[in-house]
Structures are given as structure tokens and as C-alpha cells.
Amino acid sequence: MAPGGDTGSAAGEAGVIARVRAGDAQAYAVLVRAYTGIALRAAAAFGAGPDAEDVVQSAFFKAYRALDHFKPGASFRPWLLRIVMNETRNTLRSAVRQRSAAGREAALAEAEPLIPESADPAVAALRKERRGLLLAALDRLSTEQRLAVTYRYLLEMDEAETAEALGWPRGTVKSRLNRALKKLSKLLPPPDGSQSPESDEGGTTRATRATSATSATSSVKGEAGHAR
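Let me sum up the structure you'll find in this document. (Residues numbered from 1 in each chain as written. Predicted model: local features only at pLDDT ≥ 70, side-chain atom pairs only at ≥ 80, totals over all residues. Heavy atoms only, no water.)

For the pair helix α8 (residues 159-166) and helix α9 (residues 170-187), interaxial distance at closest approach is 9 Å and the crossing angle is 105°. When the interaxial angle is binned, α8 and α9 end up roughly perpendicular. From α8, Glu159, Ala160, Thr162 and Ala163 reach across to α9, where they touch Arg170, Val173 and Lys174. Looking at the contact of α8 with α9, its residues break down into three nonpolar, one polar and three charged. (Axes fitted to C-alpha atoms, helices over the stretch in contact; angles between N-to-C directions. Helix = DSSP H or I, 4+ residues; strand = E, 2+ residues; numbered from the N terminus. Parallel < 35°, antiparallel > 145°, perpendicular 65-115°, else oblique. Contact = heavy atoms within 4.5 Å. Nonpolar A, V, L, I, M, F, W, Y, C, P; charged D, E, K, R; others polar.)

This part takes up helix α2 (residues 28-45). Along its 18 residues, α2 runs 25 Å from first to last C-alpha, staying within 8% of the 26 Å computed at 1.5 Å per residue. At tyrosine 35, α2 shows its largest kink, close to 50°. Every buried residue of α2 is listed here: Tyr28, Leu31, Ala34, Tyr35, Ile38, Ala39, Leu40, Arg41, Ala42, Ala43, Ala44 and Ala45. Glycine 47 sits one or two residues past α2 and shows a positive phi near 105°. (Expected span 1.5 Å × (residues − 1). Bend = angle between axes of the 7 residues up to and from the residue. Buried < 20%, exposed > 50% of the residue type's maximum accessible area, 1.4 Å probe, protein only.)

Phe76, Val84 and Tyr151 are the most contacted members of the largest nonpolar core, which has 54 residues in total. Those elements that provide at least two residues to this core are α1 (10-21), α2, α3 (52-65), α4 (76-95), α6 (121-138), α7 (143-154), α8 and α9. Looking at which element gives the most residues to this core, the answer is α2, with nine residues. Setting aside residues up to four positions removed in sequence, tyrosine 151 forms contacts with Phe46, Leu81, Arg82, Met85, Glu156, Met157, Thr162, Ala165 and Leu166. (Core = buried A, V, L, I, M, F, W, Y, C linked by side-chain atoms within 4.5 Å.)

All right, on to the environment of arginine 140 then. As for its placement among the helices and strands, arginine 140 is situated in the loop between α6 and α7. On the accessibility criterion, arginine 140 (55% relative accessible area) is exposed. Separated by 43 residues in sequence, arginine 140 and lysine 183 have C-alpha atoms that sit 8.8 Å apart. If sequence neighbours within four positions are ignored, arginine 140 has contacts with Lys183 and Leu187.

What follows covers the environment of tyrosine 64. Structurally, tyrosine 64 is set in helix α3. Separated by 39 residues in sequence, tyrosine 64 and alanine 25 place their C-alpha atoms 9.0 Å apart. Not counting residues up to four positions away in its chain, the partners in contact with tyrosine 64 are Val20, Ala25 and Tyr28.

Here it is, written out as C-alpha cells:
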């Protein structure tokens, strides 16, 4: 099963959902336990801040009430995270506020420890600095590009799940990810600390663009790894 869940397999998840739909309300607790962690991460990444727990509780409640409309055989995770995203938007809209990169960083830190207490202070400081750079860079993407990167890399969903969660064709997900990674490659330093290929003098070759995109992907994946 996808990361963040413990229902065993797709078949196991389908069985749990079937039990809930048949009237076994207690079986829903299995889904709640399996997906609360990633739902909190998603709410924090979307900007829910201190309201993340309330957003997730509301999302689970709405998902439960809408379970009769859930498509049999579909994956529960992207469906749930789409509800989490909508609930976060509703919360932000009702509060008439938008969170900055610093606000989202604090929310992520509250939702789940990002750096072990035993970590070397110098390594911890470097990770914190890189995380701040990533969040600031994400704020400079378009809304669509930021959502694509958040789902695909920070929430570790594959392209099919990302497309399902966002309601986009897979081709749209791929193109928006490509554009986002190209932009991030200009905003983020390479993970190994070397000079960004985009800063070389002269024209940008196809190989350079490919290297930059790969570097940006590594940076995002690296920070996502620290967030787990």
C-alpha cells in the first residue's frame, strides 16, 4: 500500500471501505489511523497552520458522509487528500488570510518533528536552512505548479494519484511538474552544494536544462524525506 497507510493492501483497503459502506461505522477507524499522518502533512503544506487538526477532522467527517459516492476500486488516499485540500481552502477563505512560507514551515514543524533531537546541530541547522529555501521557492511558483509539486513530491504520490487528487489529466500534471522543476532549478541550490548549472555563462543547453531539473527534483525529494 502507499506510504502513510496501514490497511495492508489495495484489496484490504477496499474491504475496509466495503465494511463501512455496509454499516460497520467502527471500521472507519482503520482508515482514520492509516491516513491521519499524511492528512495532517497535507493540511499543513496547503497552509492550514494551527487549524490543521480541525481541517483533517472535518475532512474525515465529510469523507465518511460521502463514502457512498466513492468509486469502487479507486484509491482512498488521493480522494481523501482532495477533500483535505478543499477544506483547507474553505478555512483560509473564511479566515480571509494567506500564509507565508514561514507560516507553513512552522505549521509543518508543529504537525510532525522534522529533525530528530539527536541530530548533529550543524546538520540540523543546514536542513532547516534548506527547508526554508524550499518553502520560499515554492511560494514563487504558480498555484497549479505548487500543488503539483506538493502532491507529487512532498506527499509522495505518483502521477496517477496526483492527477486523481487534483482532478487534472495526467498530461497536465506532467507538464506543470516539468515547468515547476525548471523554475525551482533556478531558485534552489543543488543538493551537493555545487554551483547551479543555470548560473554558467553562455546559452543553456538541453543537457544543462536536464541536469537542472534533476537537481531540483533531488532538492525537493530530499526535503520531503526530512519531513517524514
